[in-house]
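Coordinates in review
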Amino acid sequence: MDTVGAARTAAEQSGPAAGPGESPVTWCPSGRPDRPESQVLGVRSGPDGKVVYLERPMPAAEVLGAVPEGVEPTRVLRFASHCVSACVHRRGNDCTLVERVGVLPAAGETRSVPRCHLRAGCQWWQQTGVSACHRCPAVATAVLQEDVLTTLVADPATTLEQLDEWIAQSPDGPSADGPGPGGAG
């Protein structure tokens, strides 16, 4: 591949470039499937429901038709979409969801991070670095109501202090009340 082709590929992987005076587009790794730019990042799999990332993202519009009727797409797939200023999890340029996700235990091995095609443009990566990557595979956009911790993390009104208090009071630690950590974007 020539130098121009390599530069174009790198730019495409990192997302659209910003014009003069514009903020660069960042991506939410806990996005909604109904946004026009939405991409499928991975499939929720196994007994713990952790995300197994796709080799390459796929446009959500191409995949949504394959989800069986009656199944909420966010129950089985993980989506990314543009991080938008109108999001309930937004505070200025920061995402408060990733701050709350940060109190959850890491999803597994912490010496390496999952391969991710979103990282270069990821709001969570830009805001918290590798810490978010360790928790990202366990994040679910669809929250099970019986999972109290996940419900608290997903609620934009929940403070970090409230999460710390709930975790301290939980007899078995953060996963005592549900199948695993998560969040909703």
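What you see is a predicted model; the values in this text were computed from it and never measured.

So, on to the pattern of salt bridges. Under the counting rule described, the total for this entry stands at 4 salt bridges. Salt-bridge contacts for Arg35 lead to Glu37; the nearest nitrogen and oxygen are separated by 3.0 Å. For Arg35, a relative accessible area of 33% corresponds to the partly exposed category. A residue is classified by how much of its surface remains accessible, and Glu37, at 14% relative accessible area, is buried. Two residues, Glu99 and Arg91, come together in a salt bridge whose shortest N-O distance is 2.6 Å. In this structure Glu99 comes out as partly exposed when scored by relative accessible area, which is 24%.

Bringing the environment of Cys83 into the picture now. Here Cys83 is to be found in the loop between β4 (77-82) and β5 (90-91). We classify Cys83 as buried; its relative accessible area is 18%. With near-sequence residues (within four places) excluded, Cys83 lies in contact with Thr26, Trp27, Cys28, Arg90 and Gln123.

In spatial order, the strands read β1-β4-β2-β3; together these 4 strands make up an open sheet with antiparallel pairing. Strand pairing shows two members of the sheet lacking a second neighbour, β1 (27-28) and β3 (50-59), which therefore form its edges. The pairing of strand β2 (residues 39-45) with β3 spans 6 bridges and is classified as antiparallel. Pairing of Val43 across the sheet is with Val52, part of β3.

Definitions and cut-offs
- Residues numbered from 1 in each chain as written.
- Predicted model: local features only at pLDDT ≥ 70, side-chain atom pairs only at ≥ 80, totals over all residues.
- Heavy atoms only, no water.
- Salt bridge = Lys/Arg side-chain N within 4 Å of Asp/Glu carboxyl O.
- Buried < 20%, exposed > 50% of the residue type's maximum accessible area, 1.4 Å probe, protein only.
- Helix = DSSP H or I, 4+ residues; strand = E, 2+ residues; numbered from the N terminus.
- Contact = heavy atoms within 4.5 Å.
- Pairing = 2+ DSSP bridges.

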